[in-house]
Amino acid sequence: MYLAHRGDVKQAALKFHIGDSTAYELIKEVSTELHNILGPLYAPMPTKNEWLQIANNYEQLWNFPNCIGALDGKHINIEKPASSGSCFWSYKKKHTFVLMAIADAHKHFIWYSLGDFGSLNDASIFGDTDFAFQLANNELDIPPPRELPNTDIKVPFMFVADEIFKLSENIMKSYSKTIDLPVPEKVFNYRLKRARLCIECAFGMLTEKFHVLQEDLKFDLMTSQFMVSAMACLHNFLITTNRNINLDSRNGSLNDASIFGDTDFAFQLANNELDIPPPRELPNTDIKVPFMFVADEIFKLSENIMKSYSKIVDLPVPEKVFNYRLKRARLCIECAFGMLTEKFHVLQEDLKFDLMTSQFMVSAMACLHNFLIITNRNINLDNRNGIPVHDLENERNRPLQMTPIQQRHNNPKECLREKISKHDRSWLYPESTTWTWRTPDFIHPDHVMG
């Protein structure tokens, strides 16, 4: 409680009816145990597959391929340790030690180190860590270089950092601003800084969760370090827990792209594990195109995810037609959500249940929606003449003949009896039904394969 709510230790001791020295000892003991227990569980060194997953998340969420972390340091304000001189005096005009950390695309601390003098710069502190030594000697089990998307150019996996760090094989920083950069370099800088925001946001979330960091830590140096380590582990615990239920730790919601990117389905899609058929020729052409899902603008364009052209420029007619047809196809999911809400009115109000119950309720409604769709599709009739929709093409090629309903058109009672009868409905169900897939006669140029 003391870590989350800033205040005087004496006030906390008074609240729990314990002595001041006991309160200080409890804070030290609890912080040490949190560091020892949660550290190995929520801040372990990633394996090769976990590095790949981190890189996929950065590409999916931040549009920066082959990035495996954002590197930076944060100054933690403390009271001046005894006999420390000016070692901890930082450019912030306060006594600090540095929390050096690397965050993934979800603001989760992959690695952190703390306790170095605040008078040192971030680059020298990082260069003196065991992590930097292992990185330089290829001991971190980082995967070998991988091709950039849609190219055959192999690029090493890298950490993004600010200008003070030294450029190396696995550390990337932005172009210098001392000269006027061309557009490609400006775009690169923009994307790198977006990816680097992950570590800045992680530090901000840490300070916002644990208000004790908003003031000077009035403890001995060792206790202060264990406290910050415990807070970093608790931050990782909260991030991991909230990701498992697709909740953001601040406002209870993530954007659609980040939620989808963190699902098993997205991971299987990226690794071709969904048994999707290989690319197929478009009708009346020999152009092979992958099968795809259509999505809105927030999702990232990929081999199997298609979105519309951007509206920031005036598009030519073919691109406008493509956007129109893609949005028509996208209406399927919008209509499905609308039908779900219309069928189950409980969704029109707040679900006043615990989170787990609410999730099971919505899952049950989605399953019932699918059941109703499948059931109705099996007996779906054309409203014009009572012919099954899937049999309309065959009916058009047959000689004109009247259906039982049309034959009884002049007798409403007989017509009504025919509709509700359970004994004479064989004409509604053909013995065999053949379904055929129709392939769209349009496609996005980015998805065309030779």
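Details of the structure are given in the entry above.
None of the values given here were measured: they were computed from a predicted structure.

Scoring rules and cut-offs
All residue numbers here refer to positions counted from 1 along the written sequence of the relevant chain. Residue-level local features of this predicted model are given only where pLDDT is at least 70; pairs of side-chain atoms are given and counted only at 80 or more, and the full residue set underlies all totals for whole chains, interfaces and linings. Processing note: side-chain calculations cover all non-hydrogen atoms of the structure and skip hydrogens and water entirely. The helix count covers DSSP runs of H or I at least four residues long, the strand count covers runs of E at least two residues long, and both are numbered beginning at the N terminus. Residue count minus one, scaled by 1.5 Å, sets the expected span of a helix. Using a 1.4 Å probe on the protein chains alone, a residue whose accessible area is under 20% of its type maximum counts as buried, one over 50% counts as exposed, and one in between counts as partly exposed. Here, any two strands with at least 2 DSSP bridges between them count as paired. Where helices are involved, their axes are fitted lines through C-alpha atoms of the stretch in contact, as for all axes, and angles between N-to-C directions lie from 0 to 180°. Reported orientations rely on four angle classes, namely roughly parallel under 35 degrees, roughly antiparallel over 145, roughly perpendicular from 65 to 115, and oblique for the rest. Residue contacts follow a heavy-atom distance rule, with two residues in contact if any of their heavy atoms lie within 4.5 Å. In this count, Pro and Cys sit with the nonpolar residues alongside Ala, Val, Leu, Ile, Met, Phe, Trp and Tyr, while Asp, Glu, Lys and Arg are called charged and the others, Gly among them, polar. In what follows, salt bridge is the name for a side-chain nitrogen of Lys or Arg lying within 4 Å of a carboxyl oxygen of Asp or Glu.

**A short note on helix H6 (residues 183–209)**
Right, on to step 1. Here H6 is 27 residues long and its end C-alpha atoms lie 39 Å apart, about the 39 Å a rise of 1.5 Å per residue gives.
Right, on to step 2. Turning to H6, its buried residues are Asn-189, Leu-192, Ala-195, Arg-196, Cys-198, Ile-199, Ala-202, Phe-203, Met-205, Leu-206 and Thr-207.

**A short note on the pairing of strand S1 (residues 67–77)**
Right, on to step 1. Counting buried residues along S1, 11 of its 11 residues qualify, which places the element largely inside the surrounding structure.
Right, on to step 2. In this structure, S1 lies alongside strand S6 (residues 158–160), joined through two bridges in parallel fashion. Residue Ala-70 lies in a different strand from S6, and its bridge partner there is Val-160.

**Topic: the packing of helix H10 (residues 317–343) against helix H11 (residues 355–378)**
Right, on to step 1. Look at H10 against H11: their axes get within 10 Å of each other, and the N-to-C directions meet at 105°. For the element pair H10 / H11, the angle class is roughly perpendicular. In this structure, H10 uses Ala-336, Met-339, Leu-340 and Lys-343 to contact H11, whose residues at the interface are Met-365, Ala-366, His-369, Leu-372 and Ile-373.
Right, on to step 2. Across the contact of H10 with H11, the residue classes tally to seven nonpolar, one polar and one charged.

**Notes on the pattern of salt bridges**
Right, on to step 1. Evaluated as defined, the whole model comprises five salt bridges.
Right, on to step 2. Here Arg-196 and Asp-72 are joined by a salt bridge, their closest N and O atoms 3.5 Å apart. With Arg-196 in helix H6 and Asp-72 in strand S1, the pair connects residues that are 124 residues apart, well separated along the chain.
Right, on to step 3. What makes Arg-196 buried here is its relative accessible area of 16%.

**Describing the environment of Met-158**
Right, on to step 1. Turning to its location among the elements, Met-158 is positioned in strand S6.
Right, on to step 2. Leaving out residues up to four positions away in the same chain, Met-158 has contacts with Phe-64, Asn-66, Cys-67, Ile-68, Gly-69, Asn-170 and Met-172.

**Details of the sheet that holds S6**
Right, on to step 1. Strand order in the open sheet formed by five strands is S3-S2-S1-S6-S7, with mixed pairing between adjacent strands. A single partner strand is all that each edge strand has here, and the edge strands are strand S3 (109–117) and strand S7 (171–172).
Right, on to step 2. The sheet contact formed by S1 and strand S2 (residues 96–103) spans eight bridges and is antiparallel. By the bridge assignment for S2, His-75 is matched with Val-98.

**Comments concerning unusual backbone geometry**
Right, on to step 1. Positive phi outside glycine occurs at Ser-83, with the angle close to 55°.
Right, on to step 2. For Ser-83, the position within the fold is in the loop between S1 and S2.
Right, on to step 3. Its identity is not glycine, yet Asn-272 carries a phi of approximately 55°, on the positive side.
Right, on to step 4. Relative to the elements of secondary structure, Asn-272 occurs in the loop between helix H9 (264–270) and strand S8 (280–281).
Right, on to step 5. Classification of Asn-272 as exposed rests on a relative accessible area of 64%.

**Let's talk about the environment of Phe-117**
Right, on to step 1. Inspection of the secondary structure assignment puts Phe-117 in strand S3.
Right, on to step 2. Since its relative accessible area comes to 36%, Phe-117 is described here as partly exposed.
Right, on to step 3. Considered as a pair, Phe-117 and His-75 are 42 residues apart in the sequence and their alpha carbons are 9.4 Å apart.
Right, on to step 4. Residues contacting Phe-117, with those up to four places away along its chain left out, are Cys-87, Phe-88, Thr-96, Val-98 and Ile-125.

**Things to note about the side chain of Asp-104**
Right, on to step 1. Mapped onto the elements of the fold, Asp-104 is located in the loop between S2 and S3.
Right, on to step 2. Classification of Asp-104 as buried rests on a relative accessible area of 8%.
Right, on to step 3. If we ignore the near neighbours within four places in the chain, the residues touching Asp-104 are Ile-54, Tyr-58, Ile-110, Cys-198 and Arg-243.

**With respect to helix H2 (residues 20–42)**
Right, on to step 1. In a regular helix each residue adds 1.5 Å, so 23 residues correspond to 33 Å; H2 covers 31 Å between its end C-alpha atoms and thus fits that length.
Right, on to step 2. Within the span of H2, buried status applies to Ala-23, Ile-27, Ser-31, Thr-32, Leu-38 and Gly-39.

By themselves, these observations are geometric and do not establish any function.
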